[in-house]
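# A closer look at the structure
So the chains spell out like this:
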Number of protein chains: 2
Amino acid sequence: MATQAKPVLYGYFRSSCSWRVRIAFALKGIEYEQKPINIIKDGGQQLTDQFKAVNPMQQVPAVTIDGITLSQSLAIIQYIEETRPEPRLLPADPKQRAHVRIICDIIASGIQPLQKIGEEKVQWAQHFINRGFEALEHILKQTAGKHCVGDEISMADICLVPQVYNAERFKVDMSRFPTIRRLNQTLIEIDAFKATHPSCQPDTPDDLR
Amino acid sequence: MATQAKPVLYGYFRSSCSWRVRIAFALKGIEYEQKPINIIKDGGQQLTDQFKAVNPMQQVPAVTIDGITLSQSLAIIQYIEETRPEPRLLPADPKQRAHVRIICDIIASGIQPLQKIGEEKVQWAQHFINRGFEALEHILKQTAGKHCVGDEISMADICLVPQVYNAERFKVDMSRFPTIRRLNQTLIEIDAFKATHPSCQPDTPDDLR
């Protein structure tokens, strides 16, 4: 890897899916370059032909790494996991791995995309976050130790923290989800989560720092 | 495995996510029992307390296997892949695996959930399917051989066929997506895809057979 260029992350400071990838890089100690794509400015820089050539879904994040370009945050993180396995982000036991993936997929398929298109209708975003968090709270009560699944940090934690950040933006009442809240509070004190927070990225506007 | 009970699939004949799991079981030659959950009848049987105990997200599919209950189709399929590895549903090469996962995630996070809540507004469902298929068509032109990624059947094919079925239900113009159409036509002739089709499941109504 030493002779190769650093991975490049095309992301946006407040995109929860971009944040997932930033956390994964940070946990693995991988240096990377950030190319901010402002999804608000100019009607959305992800919609340009230039960015479409990077990611045909015209969404952030996308990552160029090892000579290829990847999209979809969970696919990116699993590629990083398979090519840079330490420290691992998926448990060794297949049942524990399944629990991690269930939590990730509830957030990545069952909450985030619906919340996102609901952004202009706060109540709608809240509805989908609440529905997903009710399920997550139930599952996490069974799977959690110090972190989402047992005591090791996993992809589930990487997905949880940015989704709680979204929930807070949409003023979801987190007192209904004590397990999620406890897990989040522990995680946000960890360097890899702190250093990658939307409030301190290269493209974070001054008034949100 | 011989002494253990057969896996049980809680699904619905027309649910594309249930179909994904049926295809995976069929490709691996795993016998399983189907417990149909009618997501239309009685206001949705997935919303009962009884089913909530099976899957707190109150969605199909869910699978009980090896003494645990799993939800989220991709998490289920990856658990099956990791515990019953032959024939494999993910390529050996990490870059190829990443391409498979990108295709799966575009469908599972970027199309299906949005199409689903758009079901009552056909144009909305069409919009999200078209947007996703445009990206997929572009990606598949680069990754496809006989199947979605090279010549081996993978999880990407498992996700593609049920999504094309959805597209046809919503009368999406498939002539715009020649690569997707070609791949789908090859796949639907394969036994594991045919035998698991929504038109021939235990809970398929007579008028849809």
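In the annotation of an unreviewed UniProt entry, chain A is listed under the name Maleylacetoacetate isomerase and assigned to Cyprinus carpio carpio. Recorded in UniProt under Pathway (unreviewed entry), the annotation for chain A is "Amino-acid degradation; L-phenylalanine degradation; acetoacetate and fumarate from L-phenylalanine: step 5/6." Regarding chain A, the UniProt comment filed under Sequence similarities (unreviewed entry) reads as follows: "Belongs to the GST superfamily. Zeta family."

All names here are of chain A. What the domain assignment reports for chain A is domain 1 (8-87) and domain 2 (94-193). Each of domain 1 and domain 2 has a C-alpha centre, and these two points are 20 Å apart. Surface buried jointly by domain 1 and domain 2 totals about 1500 Å² across both partners, of which 72% is contributed by carbon and sulfur atoms. Counting the surface domain 1 buries against domain 2, the share from its top three residues, Trp19, Arg20 and Leu74, is 36%. Between the two partners, domain 1 and domain 2, sit 0 salt bridges.

All names here are of chain A. The strand order 2-1-3-4 describes an open sheet built from 4 strands, whose pairing is mixed. Looking along the sheet, the strands with just one partner apiece sit at the ends: strand 2 (33-36) and strand 4 (68-71). Looking at each pair of strands side by side, their axes are set apart by 20 degrees on average, direction ignored. Judged from the 4 bridges that link them, strand 3 (residues 62-65) and strand 4 form a sheet pairing that is antiparallel. When the sheet's bridge partners are listed, valine 63 is paired in strand 4 with leucine 70. Each of strand 3 and strand 4 touches helix 3 (residues 73-83); the most contacted strand, strand 4, lies at about 130 degrees to it.

What follows covers the relation of the copies chain A and chain B. For the match of chain A to chain B, the screw axis carries a shift of 0.0 Å, the RMSD comes to 0.0 Å, and the turn is 180 degrees. Considering both components of the superposition, the chain copies are consistent with a two-fold axis. Of every C-alpha in chain A, the one belonging to serine 109 of chain A sits nearest the axis of rotation, 2.1 Å from it. Mapped onto chain B, 100% of the interface residues of chain A again fall at the interface, so both copies present the same surface.

To continue, consider unusual backbone geometry. Of note, the amide linkage connecting valine 60 of chain A to proline 61 of chain A takes the cis form, showing an omega dihedral of 0 degrees. Here proline 61 of chain A is to be found in the loop between helix 2 (49-54) and strand 3. At aspartate 42 of chain A, a position not held by glycine, the phi torsion is positive, near 55 degrees. For aspartate 66 of chain B, which is not glycine, the phi torsion reads 55 degrees and is therefore positive. For aspartate 66 of chain B, a relative accessible area of 14% gives the class buried.

Residues and elements named next belong to chain A. At a minimum axis distance of 8 Å, the contact between helix 4 (residues 94-117) and helix 6 (residues 155-169) shows a crossing angle of 25 degrees. One element, helix 4, and the other, helix 6, form an angle in the roughly parallel class. The way helix 4 lies across helix 6 gives a crossing that is left-handed. Touching Val100, Ile103, Cys104, Ile107, Ile111, Gln112 and Gln115 of helix 4 are Met155, Ala156, Cys159, Leu160, Gln163 and Asn166, all from helix 6. Among the residues forming the contact of helix 4 with helix 6, the class breakdown is 9 nonpolar, 4 polar and no charged.

Ranked by size, the top nonpolar core spans 118 residues in total, and within it Phe133 and Leu136 of chain A together with Phe133 and Leu136 of chain B carry the most contacts. Sequence-distant contacts of phenylalanine 133 of chain B, that is, excluding residues within four places in its chain, are made with Ile111, Gln163, Val164, Ala167, Met174, Phe177 and Ile180 of chain B.

Residue and element names in this part refer to chain B. Read from one edge to the other, the open sheet built from 4 strands follows the order 2-1-3-4, with strand pairing classed as mixed. The open sheet terminates on both sides in strands that have one partner only, identified here as strand 2 (33-36) and strand 4 (68-71). Neighbour to neighbour, the strand axes of the sheet diverge by 20 degrees on average, direction disregarded.

It is worth spelling out the pairing of strand 2 of chain B at this point. Side-chain positions along a regular strand alternate between the two faces of the sheet. All names here are of chain B. As judged from the 4 bridges shared by strand 1 (residues 8-11) and strand 2, these two strands associate in the parallel manner. What sits directly across from glycine 11, in strand 2, is proline 36. Following the backbone out of strand 1, through helix 1 (residues 16-28) and into the adjacent parallel strand 2, one traces a crossover that is right-handed.

The next point concerns the interface of chain A and chain B. In this complex, chain A contributes 35 residues to the contact, which on the side of chain B involves 35 residues. Carbon and sulfur atoms supply 66% of the area buried between chain A and chain B, which totals about 3300 Å² over both sides. Taken as a group, Met57, Glu82 and Lys95 of chain A account for 17% of the area that chain A buries against chain B, more than any other trio of residues on that side. Put simply, chain A and chain B have 4 salt bridges between them. Across the pair glutamate 82 of chain B and arginine 101 of chain A runs a salt bridge, and its minimum N-O distance is 3.0 Å. Run the count over chain A and chain B and you get 13 residue pairs in polar contact (both at pLDDT 80 or more). Going through the elements one at a time, strand 4, helix 3, helix 4 and helix 5 (122-143) of chain A are the ones with two or more residues in the side of chain A that touches chain B. Broken down by element, the residue count for the side of chain A that touches chain B peaks at 14 residues, all from helix 4 of chain A. For the side of chain A that touches chain B, the per-class residue count stands at 19 nonpolar, 9 polar and 7 charged.

What counts, and where the lines are drawn
Residues numbered from 1 in each chain as written. Chains lettered and ligands numbered in written order. Predicted model: local features only at pLDDT ≥ 70, side-chain atom pairs only at ≥ 80, totals over all residues. Heavy atoms only, no water. UniProt positions renumbered as here; feature names shortened; annotations may be inferred. Domains from an automatic or database assignment. Buried area = accessible area lost by both parts, 1.4 Å probe. Salt bridge = Lys/Arg side-chain N within 4 Å of Asp/Glu carboxyl O. Pairing = 2+ DSSP bridges. Helix = DSSP H or I, 4+ residues; strand = E, 2+ residues; numbered from the N terminus. Axes fitted to C-alpha atoms, helices over the stretch in contact; angles between N-to-C directions. Contact = heavy atoms within 4.5 Å. Least-squares fit on C-alpha atoms with pLDDT ≥ 70 in both. Buried < 20%, exposed > 50% of the residue type's maximum accessible area, 1.4 Å probe, protein only. Parallel < 35°, antiparallel > 145°, perpendicular 65-115°, else oblique. Left-handed = near helix turned anticlockwise from the far one by under 90°. Nonpolar A, V, L, I, M, F, W, Y, C, P; charged D, E, K, R; others polar. Core = buried A, V, L, I, M, F, W, Y, C linked by side-chain atoms within 4.5 Å. Right-handed = clockwise from strand over helix to strand, strands pointing away. Polar contact = N/O pair within 3.5 Å; in protein donor to acceptor, adjacent residues only side chain to side chain.

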